[in-house]
Amino acid sequence: MDDSNRISKQSAYNSIAAGYVAGITGLLIGHPLDSMKVLLQTQAAAQSSGPTASTAALQLPTNNNGPNVRQIRTNTTAVSTELVTPTHRSFLSLYKGIHIPLMTVGVMQSLNFVLYDSFRRLLYQNDLKNTQSSGSKSAAGDGDYLWDDSLTNVAIASGTAGAFISLITSPMQVLKTKQQVMLWDTRTALRETMRNGGLRNFYTGFGAHFYCDTIGRAVYFASYECMKRHLREHYHDGSKNSDVINRMISAAASGMMCWFVIFPADVVRCKVYHHVTTNPGAEISSTEMIQKMFRESNGSLRPFTRGFGITVARAGPVAAAVLPVYDLTLEWLRGV
């Protein structure tokens, strides 16, 4: 078997480096649109939310000069949270909450891609062993797992990698969303999350988050590989530019397809985060939030599609950058 298909320290280093570059690229392009998505998904809840008996919240009067402001008092600390609609945002404010992802997204994408790449290699090697043990000659024996493994392997590898990293990305997603919605700094978001539920609060809405990180990644990577291989086979003229364009088209389409599959779960996830932020101590599961959304909308599916347009608009350019950057960086490192 070609040694380039085996797992090694060098293969891990290459995946880590390529994942880091791809992660930072995607973050810088996609974070403003991600903020718009979160604000649109939670806007209705923000406008309808009011003080509840379970929270010691002081509702301040609304003036005509700015958004509604609430002060949530926990113990002796007053935390100001601005419920700001997207139209009140400056462009730079759409980068609110980027500090944690900027410090961690490179590492997280590196971890994601090294797991994904390692699982793909393992599955490819297992397929070769099974083929050889059956006595048939393997055409893939001299091939490249990046092009010759099955789409089933790609889906399993990416979904499994997503399952592992969901345990780490859940706390990051919770903090990021609270910063985007409430305009909190990192320290405030961390303090209030710990104060109102402890470590368990970092895994609120985990069911929806787990679905997004597993099923979403499986759809994302498998559809990308499927379209990339199809375009290479039928529409590749042999030039490097043609190959890059085909990858970008494939990645953009796969990103949109992924969000079409996971978007309702993402809405539920964001609304759970918003609920526990504006109602300290009031826990709610993903299932309970789904029931609540259906009940409040009289059985309508509309709440599950709020912000869909901006999400698809974001998914295209971000995916068109992330996966081709990862692919090309990895291939370049393998050739160095």
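Residues numbered from 1 in each chain as written. Predicted model: local features only at pLDDT ≥ 70, side-chain atom pairs only at ≥ 80, totals over all residues. Heavy atoms only, no water.

Engineer: Explain the pattern of salt bridges to me, please; I cannot follow it from the model alone.
Structural biologist: For side chains of opposite charge, pairing can occur when their charged atoms come near one another. Per the counting criterion, the structure on display carries 20 salt bridges. Here Lys 176 ties to Asp 34 by a salt bridge, and the two come within 2.7 Å at their closest N and O atoms. Remark: Asp 34 occurs in helix α1 (residues 9-48) and Lys 176 occurs in helix α4 (residues 151-182); sequence separation between them is 142 residues. Both residues of the pair, Lys 176 and Asp 34, count as buried. (Salt bridge = Lys/Arg side-chain N within 4 Å of Asp/Glu carboxyl O. Helix = DSSP H or I, 4+ residues; strand = E, 2+ residues; numbered from the N terminus. Buried < 20%, exposed > 50% of the residue type's maximum accessible area, 1.4 Å probe, protein only.)

Engineer: What am I meant to see in the packing of helix α6 (residues 206-235) against helix α9 (residues 308-335) here?
Structural biologist: Running from N to C, α6 and α9 point in directions that differ by 75°, and their axes come no closer than 12 Å. Between α6 and α9, the crossing angle belongs to the class labelled roughly perpendicular. The residues of α9 that touch α6, namely those facing Tyr 220, Phe 221, Tyr 224 and Lys 228, are Ala 319, Val 322, Leu 323, Pro 324 and Asp 327. Counted by class, the contact of α6 with α9 contains 7 nonpolar, no polar and 2 charged residues. (Axes fitted to C-alpha atoms, helices over the stretch in contact; angles between N-to-C directions. Parallel < 35°, antiparallel > 145°, perpendicular 65-115°, else oblique. Contact = heavy atoms within 4.5 Å. Nonpolar A, V, L, I, M, F, W, Y, C, P; charged D, E, K, R; others polar.)

Engineer: Looking at this structure, I do not really get α9. What am I missing?
Structural biologist: Turn by turn, an α-helix covers 3.6 residues, leaving residues three or four places apart pointing in a common direction. If you check α9, its first and last C-alpha atoms are 40 Å apart, about what 28 residues at 1.5 Å a residue would give, namely 40 Å. Its axis deflected by about 30° at Val 318, α9 carries its strongest bend there. (Expected span 1.5 Å × (residues − 1). Bend = angle between axes of the 7 residues up to and from the residue.)

Engineer: Could you clarify how one ought to interpret unusual backbone geometry in this entry?
Structural biologist: For residues other than glycine, phi is negative in most cases, and the peptide bonds are mostly trans. Although it is not a glycine, Leu 183 adopts a positive phi angle of roughly 60°. In this fold, Leu 183 is placed in the loop between α4 and α5 (186-195). The phi dihedral of Asn 298 falls on the positive side, at around 55°, and the residue is not glycine. Note that Asn 298 resides in the loop between α8 (286-296) and α9.

Engineer: Where do I start with the environment of Ser 110 in this structure?
Structural biologist: Topologically, Ser 110 is positioned in helix α2 (residues 99-133). Looking at Ser 110, the relative accessible area reads 4%, which means it is buried. Measuring from C-alpha to C-alpha, the distance between Ser 110 and Ala 12 comes to 9.3 Å, with 98 residues separating the pair along the chain. Setting aside residues no more than four positions away along its own chain, Ser 110 makes contact with Ser 15, Ile 16, Gly 19 and Tyr 20. Within the structure, the side chain of Ser 110 is placed 3.2 Å from the backbone nitrogen of Tyr 20, a separation counted as a polar contact. (Polar contact = N/O pair within 3.5 Å; in protein donor to acceptor, adjacent residues only side chain to side chain.)

Engineer: Any chance you could explain the nonpolar core here in plain terms?
Structural biologist: When a protein is soluble and globular, its nonpolar side chains tend to lie buried together. If you look at the biggest cluster of nonpolar residues, it comprises 38 residues, and the most contacted ones within it are Phe 113, Tyr 116, Tyr 220, Phe 221, Val 268 and Leu 323. Only α1, α2, α3 (145-148), α4, α6, α7 (240-278), α8 and α9 provide two or more residues apiece to this core. For this core, the element with the most residues is α7, which contributes 10 residues. Other than its neighbours up to four places away in sequence, Tyr 220 contacts Ala 251, Ser 254, Gly 255, Cys 258, Ala 319, Val 322 and Leu 323. (Core = buried A, V, L, I, M, F, W, Y, C linked by side-chain atoms within 4.5 Å.)

Engineer: Honestly, the packing of aromatic side chains in this entry has me stumped. Any pointers?
Structural biologist: Two aromatic rings, taken as a pair, are described by how far apart their centres are and by the angle between their planes. As enumerated under the stated definition, the model contains 11 aromatic pairs in all. Look at Phe 294 and Phe 304: their rings are 5.0 Å apart centre to centre, the planes differ by 45°, and that puts the pair in the tilted class. Residue Phe 294 is found in helix α8, and its partner Phe 304 is found in the loop between α8 and α9; the two are separated by 10 residues along the sequence. Given the relative accessible area of 8%, Phe 304 is considered buried. (Phe/Tyr/Trp six-rings, centres within 6.5 Å; stacked < 30°, edge-to-face > 60°.)

Engineer: Please explain the confidence of the model for the chain as it appears in this structure.
Structural biologist: Of the residues in the chain, 80% have a pLDDT of 70 or more, and the chain-wide mean is 82. With pLDDT under 50 throughout, residues 50-77 is counted as low confidence; its partners more than four residues away or in other chains account for 51 contacts. (pLDDT = per-residue confidence, 0-100.)

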